[in-house]
Amino acid sequence: MNTVLGRGALAARGAWVLFVGFIAYRLARTGRTSRWRSVFFVAMAWAFVFQFKSSGSPSTGPRALESPYCHIAIASSILNQAYNQYLAFRSGHWPAWGPLSLGFLWLAVTLVLGQAWCSWGCFYGGLDEGFSRVLPKALLRWNSLPGRLRELPAAILLVSILFSLTSVLPAFCLWACPLKLTTAFLDPNDLTRRLQLGLFAATLGGAIVLLPLLTKKRVFCGLLCPFGAWQSFWGNVNPFRVSIRAEACTQCRLCVKVCPTFAIEAEGLKEHVVSPYCNRCGECIDACPTGAMGYTLLGDKTWDARLLLIYCCLVVGGAVGGMFLP
Amino acid sequence: MTLLLGEGFALGLATGLYCLGACAPLLAPYLLCESEGAFGRGARLLLEFMAGRLAAYLLFAAAASKLGARYPGLAGGRVVAAGLLLSGLLMVLYAVVRSAPRLSVCAPWADSAAVRRLPFAFGFLVGINVCPPFAAGLLRLVSLASPAKGMVYFAAFFVGTTVYMLPFLVAAPLSRGPRLRSAAALASGLAGLWFAGLGLYRLL
Ligand code: SF4
Ligand code: SF4
């Protein structure tokens, strides 16, 4: 195995470290979070797309189905992964433990970032974030969801897990992954294939490009992503929270309007509660005119946890982004 | 007769994982949504579902032993596709009623007897969907050519597969939180759309 990096690769890593350092500087200097976080997040997502598409990584076909390495695929077929681990354990076939190692990685990331993964580390989230920021103002107003749709990502997660289990294939990958659109399928172009391609196109075109562009909401992350739902159940093992100080909040609802993932609901706001889907993007904190919102540790509003959160996020996000360098 | 019982039971035990797979997308969201975190309630709903499945098996067994030899296409044909379509549509309707109980069209149904009897209907409709083990059992029925023997055989098959349904009981205590319940109601709708689409595709 060749472990010596060429000059070009070294230069790319150096540039990435400088870039992350510059983002850290801007975040500290401006005292605002979302804008510079977004620059970092979008850059990472596009680095991933270029790396993924240029490396010929298997996104469909037997190799991809054996061990999907993407966090969305793993979460949405978690029972299959667990079963594979069981088989690997029984057979003593240690190389097949790969997904389990990813499980430990996930645990570490979740302990450090929790739900913040979805705005600082996820290499898909930056795509709809990028499109949601192209226009200065939303052309279509979409501030909130009907309450009953709030759990749609969790429903998609549940259905994906069950169908993956029954078909022994990662169902979300095969039916809704937007990155599959440009991938050639090996099997014939029958009705099933055309349906799959149609759904890929709808997810990419609708939820990642068009609706974010028109509404300034991250529609894929907020409404469809099974990993977002997964993290919303586990994210609380991490201590970072977005909290609202009741005495400073005037109920102006600006935070509801700007939240890109519909994580603050009007009902919750009355109780000064942010939903578990909040991915710590900081948009609401920057927008709140009275400074009522902020990052806290376990909801302790006496101490501002912003810089600690930024440090954790940039270390983890920077390491993840570093994997996509040429 | 003992041999027949043993054979049916063994077939059920050997192939029950398939049954678990066929029922999971339908049953798991329903139990998560309706068990209200109570193990006993979950167990009762599971029993009702199983009763529906048993009824479908017995009916099918009787019909297949009588008619199977004359109409070999019965099992794989339109009855099954219609069952799939119907169970899918039922799930979608159920999801709408549970997710939007205050809508004027849903309100009368929210606590109705029809919705309460759904586990039996779901069980029945899933029961007439032909999965590989069920089809294997049907082939045997045709050779038995006796409705009574066929029903005994399928009752034993049912008991064998039931072992694999028990893990669904873990869904009941999980469903304590309102988040999981509303996710499960929506999941029923999504899975229902899939089943309905599949049924329609096979019908056409
Ligand atoms: S933007 Fe600030 S003041 Fe306005 S409702 Fe939200 S938390 Fe309260
Ligand atoms: S609640 Fe605030 S921090 Fe959380 S996702 Fe919404 S805008 Fe971002």
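Residues numbered from 1 in each chain as written. Chains lettered and ligands numbered in written order. Predicted model: local features only at pLDDT ≥ 70, side-chain atom pairs only at ≥ 80, totals over all residues. Heavy atoms only, no water.

Asker: Explanation requested: the overall build of chain A in the structure shown.
Answerer: In terms of regular secondary structure, chain A is built from 17 helices and two strands. Across chain A, the fraction of contacts at a sequence separation of at least 24, relative to all contacts at a separation of at least 6, is 77%. Carbon and sulfur atoms make up 68% of the accessible area of chain A, which totals about 15,600 Å². (Helix = DSSP H or I, 4+ residues; strand = E, 2+ residues; numbered from the N terminus. Contact = heavy atoms within 4.5 Å. Areas by Shrake-Rupley, 256 points an atom, 1.4 Å probe, with all protein chains shown as cover.)

Asker: Help me understand the overall build of chain B in this model?
Answerer: The helix and strand inventory of chain B stands at ten helices and zero strands. Reading the helices (α) and strands (β) of chain B from amino to carboxyl end gives α-α-α-α-α-α-α-α-α-α. Going through the 204 residues of chain B one by one, you find that 49% of them count as buried. Taking all contacts inside chain B whose residues are at least 6 apart in sequence as the whole, residues at least 24 apart take part in 84%. As presented, chain B carries roughly 9,400 Å² of accessible surface, and 74% of it is formed by carbon and sulfur atoms. (Buried < 20%, exposed > 50% of the residue type's maximum accessible area, 1.4 Å probe, protein only.)

Asker: Is there a simple way to think about the nonpolar core in this case?
Answerer: Generally speaking, a soluble globular protein has its nonpolar side chains buried in company with each other. Residues Trp117, Ile264 and Met293 of chain A together with Phe168 of chain B are the most contacted members of the largest nonpolar core, which totals 125 residues. Looking at which element gives the most residues to this core, the answer is helix α1 (residues 2-34) of chain B, with 13 residues. Once you skip the residues sitting within four places of it in the chain, Ile264 of chain A turns out to touch Cys255, Val256, Cys259, Leu269, Val274, Cys284 and Met293 of chain A. (Core = buried A, V, L, I, M, F, W, Y, C linked by side-chain atoms within 4.5 Å.)

Asker: Would you explain the site of ligand 1 in this entry?
Answerer: Close contacts around ligand 1 come from 13 residues, with Cys249, Cys252, Arg253, Cys255 and Cys288 of chain A the closest. When the residues that make up the shell around ligand 1 are grouped by side-chain class, the tally is nine nonpolar, three polar and one charged. (Near = heavy atom within 4 Å. Nonpolar A, V, L, I, M, F, W, Y, C, P; charged D, E, K, R; others polar.)

Asker: Explain the pattern of salt bridges here, please?
Answerer: Side-chain pairs of opposite charge can arise whenever the charged atoms involved come near each other. Residues and elements named next belong to chain A. With the rule as written, the count across this model stands at eleven salt bridges over all chains. As a salt-bridge pair, Arg218 and Glu129 come within 3.3 Å of each other at their nearest N and O atoms. Of this pair, Arg218 sits in the loop between α11 (191-215) and α12 (219-224) while Glu129 sits in helix α8 (residues 125-132), and the two are 89 residues apart along the sequence. Look at Arg218 and you get buried, because its relative accessible area is 0%. (Salt bridge = Lys/Arg side-chain N within 4 Å of Asp/Glu carboxyl O.)

Asker: Please explain the confidence of the model for chain A as it appears in this structure.
Answerer: Keep in mind that low pLDDT regions are not for reading the predicted coordinates in detail. Residue and element names in this part refer to chain A. The pLDDT averaged across chain A works out to 85; a share of 87% of its residues lies at or above 70. When pLDDT is averaged over each helix and strand of chain A, the minimum, 43, is found for helix α3 (residues 62-66) and the maximum, 96, for helix α16 (residues 283-287). Predicted confidence is poor over residues 58-67, with pLDDT under 50, and the contacts of this stretch with residues over four places away or in other chains come to 16 contacts. (pLDDT = per-residue confidence, 0-100.)

Asker: Mind showing me how you'd approach the interface of chain B and chain A here?
Answerer: Frequently, the measure chosen for interface size is the accessible area removed from exposure when the parts meet. With 21 residues of chain B at the contact, the number on the chain A side is 18 residues. Summed over both sides, the interface of chain B with chain A buries roughly 1,600 Å², with 81% coming from carbon and sulfur. For the chain B face of the interface with chain A, the top three residues by lost area are Arg179, Leu186 and Trp194 of chain B, together amounting to 37%. Taken together, chain B and chain A are joined by one salt bridge. A salt bridge links Arg179 of chain B to Glu151 of chain A; the nearest nitrogen and oxygen atoms lie 2.9 Å apart. One can count three residue pairs in polar contact (both at pLDDT 80 or more) joining chain B with chain A. Those elements that provide at least two residues to the side of chain B that touches chain A are α1 and α10 (178-203) of chain B. By residue number, the principal contributor to the side of chain B that touches chain A is α10 of chain B, which donates twelve residues. Grouping the amino acids of the side of chain B that touches chain A by side-chain chemistry returns 17 nonpolar, three polar and one charged. (Buried area = accessible area lost by both parts, 1.4 Å probe. Polar contact = N/O pair within 3.5 Å; in protein donor to acceptor, adjacent residues only side chain to side chain.)

Asker: For this particular structure, what's the right way to read the pairing of strand β2 (residues 293-297) of chain A?
Answerer: Regular strands show a simple pattern: their side chains alternate between the two faces of the sheet. Residue and element names in this part refer to chain A. A large share of β2 lies buried, amounting to four of its five residues. As paired strands, strand β1 (residues 240-244) and β2 are joined by five bridges and run antiparallel to one another. For Phe240, the partnering residue across the bridge sits in β2 and is Leu297. (Pairing = 2+ DSSP bridges.)

Asker: Can you walk me through unusual backbone geometry in this structure?
Answerer: Peptide bonds are mostly trans, and most non-glycine residues show a negative phi. Residue and element names in this part refer to chain A. Look at Lys216: it is not a glycine, yet its phi comes out positive at around 65°. Relative to the elements of secondary structure, Lys216 occurs in the loop between α11 and α12. In this structure Lys216 comes out as partly exposed when scored by relative accessible area, which is 26%. One non-glycine residue with positive phi stands out, namely Gln251, at about 60°. Note that Gln251 resides in the loop between β1 and α14 (254-258). Residue Gln251 is classed as partly exposed on the basis of its relative accessible area of 32%.

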